[in-house]
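# Residue-level structural notes
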Amino acid sequence: MKILIVGSGGREHAVTWKVVKSPLVQKTFVAPGNAGIADLAECVDIKPDDIEGLLAFARREHIDLTIVGPESPLVAGIVDRFRSEGLKIFGPEKAAAELEGSKVFSKSIMKKFGVPTAEYRVFESVNDAKQYIVECEPPIVVKADGLAAGKGVLVCGSAEEGVCAVNDLIEQRIFGEAGKRVVIEQHLRGEELSILAFTDGKQILPLASAQDHKRVFDDDRGPNTGGMGAYSPCPLVHENQIGTVVEKTIRPVIDGLRREGILYTGVIYAGLMMTEKGPFVLEYNCRFGDPETQAILPRLKDDIVPVFLQVAEKDLGQRTLEWDSRACVSVVMASGGYPGAYKKGFIIKGLDELKHKRDVIVFHAGTSRGAERQYLTDGGRVLAVSALGADVREARERAYQTVDIIFFREAHYRKDIGLKALKQGEAVRP
Ligand code: AMP
Ligand code: GLY
């Protein structure tokens, strides 16, 4: 088989790493990929949003299956376009991807089908929003309706902050049209958990649990990022309980959409807050999580390609997944200044000696190759250093030992990835 993977981050490196292991696969292309991906597959210079370019490439190369990493081509309808040309593709169609593309849509679907989620209101007018905010008990959460590269959620500690947030979104349009409408919702307390599941629109096949670390600094301080590290499994939910969580948080939406004529095929990611009243959905994503994927896929024992194929063919059948009982911790190494402005082009040292190390995989996120074939930093998140261990403690140690071997100027990373799992005092072994 010939496979095309769309995207260029750590998530896509992890998917590529898993796909090239499959005996079913003869050739893998990644558009556009990065320097780490280029060690495993052939990178082609087509941007993820260039749907026509990707389609032309897939036809020309007789690609058997395309796998889409990022949300933006999904929300723009890449899956509909490929299917209309008879090409096999993994991901949800545009109507289903709206679960991530529009918070207003996703909240209304959750309400309609009885998924626990924070109480909310939708506003298009700054004045109406302000009036509402002064009546609310802070903190409140203000969310841009549309895609904002993970930055469109503002947790506001006071009414003044809330008013600033709606001004920025609706009036200043700091996220463009994405902020034309805003969702204002009740602030929930608890620990966050990511649950992902494959679905063909009927069957739902959960993946192992994971926990992301969204804030830039240790102890969840500083601004939100794309994710500074993840680990799997997460002791907030026992492996045996994932099914129950999925029944409450994912099943009603998949079934509800199907009844409305929208078949969700692909992977669905529910960002959950584990509250005193049980799991509440913060958001859905229509794709794999980044960096969750870098902590989850190293634990998957099965060949992933048949799963992608069955989902793309809308027939998951009775498939199950087998997981490595060990834990995986993935630490993101970022450029100095990220998630704000940062410099690129620093040489990354230490990677070659890690290529054959057991139970350690260094996934590349933002990297390129220099004139002398050195690896260079080329993005905000540069690497995701994943390590397996008997439990989260051991996996953490191994991941941080590896981080210590890698060097690039101004690198920064969190030192507490996975610590919450240890603090929860669980045995952590699944
Ligand atoms: P989202 O993109 O909707 O997942 O939001 C990004 C982050 O904002 C989440 O991971 C949470 O940390 C936080 N967040 C979003 N909604 C809420 C909420 N209702 N209550 C508390 N925190 C929230
Ligand atoms: N880990 C957060 C995300 O993928 O959206």
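Residues numbered from 1 in each chain as written. Chains lettered and ligands numbered in written order. Predicted model: local features only at pLDDT ≥ 70, side-chain atom pairs only at ≥ 80, totals over all residues. Heavy atoms only, no water.

## Section: the overall build of the protein
On a plain count of helices and strands, the protein comes out with 14 helices and 22 strands. Against the compact-globule benchmark of 22 Å for 430 residues, the protein has a radius of gyration of 21 Å, which places it among compact chains. Across its three principal axes, the protein shows a C-alpha extent of roughly 60 × 45 × 45 Å. For the protein, buried positions account for 59% of its 430 residues. Here the analysis covers contacts within the protein between residues at least 6 apart in sequence; of these, 69% occur between residues at least 24 apart. (Helix = DSSP H or I, 4+ residues; strand = E, 2+ residues; numbered from the N terminus. Rg over C-alpha atoms; globule rule 2.2 N^0.38 Å. Buried < 20%, exposed > 50% of the residue type's maximum accessible area, 1.4 Å probe, protein only. Contact = heavy atoms within 4.5 Å.)

## Details of the nonpolar core
Ranked by size, the top nonpolar core spans 75 residues in total, and within it Ile 78, Ile 195, Ile 250, Tyr 284, Leu 383 and Ile 406 carry the most contacts. Ile 78 has contacts with Ile 51, Leu 54, Val 68, Pro 73 and Ile 89, leaving out every residue within four places of it along the chain. Counting 40 residues, the second largest nonpolar core, distinct from the first, contains Met 1, Val 15, Ala 210 and Phe 288. (Core = buried A, V, L, I, M, F, W, Y, C linked by side-chain atoms within 4.5 Å.)

## As for the site of ligand 2
The immediate surroundings of ligand 2 are formed by Asp 212, Gly 226, Tyr 269, Asn 285, Arg 287, Gly 289, Asp 290, Pro 291 and Glu 292. In the environment of ligand 2, a nitrogen atom lies 3.5 Å from a nitrogen or oxygen atom belonging to the side chain of Tyr 269. Contacts to ligand 2 include Asp 290, whose backbone N or O atom sits 2.9 Å from an oxygen atom. Out of a free accessible area of 200 Å², ligand 2 has 89% covered by protein chains. Classifying every residue of the shell around ligand 2 by side-chain character gives two nonpolar, three polar and four charged. (Near = heavy atom within 4 Å. Polar contact = N/O pair within 3.5 Å; in protein donor to acceptor, adjacent residues only side chain to side chain. Areas by Shrake-Rupley, 256 points an atom, 1.4 Å probe, with all protein chains shown as cover. Nonpolar A, V, L, I, M, F, W, Y, C, P; charged D, E, K, R; others polar.)

## Structural notes on the site of ligand 1
The full set close to ligand 1 counts 14 residues, and Glu 185, Gln 186, Leu 188, Glu 192 and Glu 283 are the nearest of them. At a separation of 3.0 Å, a nitrogen atom of ligand 1 approaches a polar backbone atom of Gln 186. Lys 214 places a side-chain nitrogen or oxygen 3.1 Å from an oxygen atom of ligand 1. Protein contacts shield 91% of the accessible area of ligand 1, which totals 460 Å² for the unbound molecule. Mapped onto the shell around ligand 1, the elements with two or more residues apiece are strand S7 (140-144), strand S9 (182-186) and strand S17 (278-285).

## A few points about the pairing of S9
Counted residue by residue, S9 has four buried out of five residues, so it is predominantly covered. Sheet topology places strand S6 (residues 120-123) next to S9; four bridges connect them, and they run antiparallel. Bridge pairing in S9 links Val 122 to Val 183. Taken together, the five bridges between S7 and S9 define a ladder with antiparallel strand orientation. Counted as the bridge partner of Val 141 is Glu 185 from S9. (Pairing = 2+ DSSP bridges.)

## Quick notes on the environment of Ala 41
Relative to the helices and strands, Ala 41 is located in the loop between strand S2 (27-32) and strand S3 (42-43). The class for Ala 41 is buried, based on a relative accessible area of 12%. Taking the C-alpha atoms as reference points, Ala 41 and Phe 113, 72 residues apart in sequence, are found 42 Å from one another. Setting aside residues up to four positions removed in sequence, Ala 41 forms contacts with Thr 16, Thr 28 and Val 30.

## Observations concerning the packing of aromatic side chains
Each pair of aromatic rings is reported with the distance of its centres and the angle of its planes. Throughout the structure, instances matching the rule amount to ten aromatic pairs. With 6.0 Å between their ring centres and 70 degrees between their planes, Phe 90 and Phe 198 make a pair best called edge-to-face. Placement of Phe 90 in strand S5 (residues 89-90) and of Phe 198 in strand S10 (residues 191-199) is noted, with a sequence separation of 108 residues between them. For Phe 198, a relative accessible area of 0% corresponds to the buried category. (Phe/Tyr/Trp six-rings, centres within 6.5 Å; stacked < 30°, edge-to-face > 60°.)

## Considerations on the packing of helix H7 (residues 126-135) against helix H8 (residues 159-171)
In the contact formed by H7 and H8, the axes pass within 10 Å of each other and the chain directions differ by 165 degrees. Of the possible angle classes, the one that applies to H7 and H8 is roughly antiparallel. Considering the relative orientation of H7 and H8, their crossing is right-handed. The segment H7 lies against H8, with Val 126, Ala 129, Lys 130 and Ile 133 engaging Ala 159, Gly 162, Val 163, Val 166, Asn 167, Ile 170 and Glu 171. When the residues that make up the contact of H7 with H8 are grouped by side-chain class, the tally is seven nonpolar, two polar and two charged. (Axes fitted to C-alpha atoms, helices over the stretch in contact; angles between N-to-C directions. Parallel < 35°, antiparallel > 145°, perpendicular 65-115°, else oblique. Left-handed = near helix turned anticlockwise from the far one by under 90°.)

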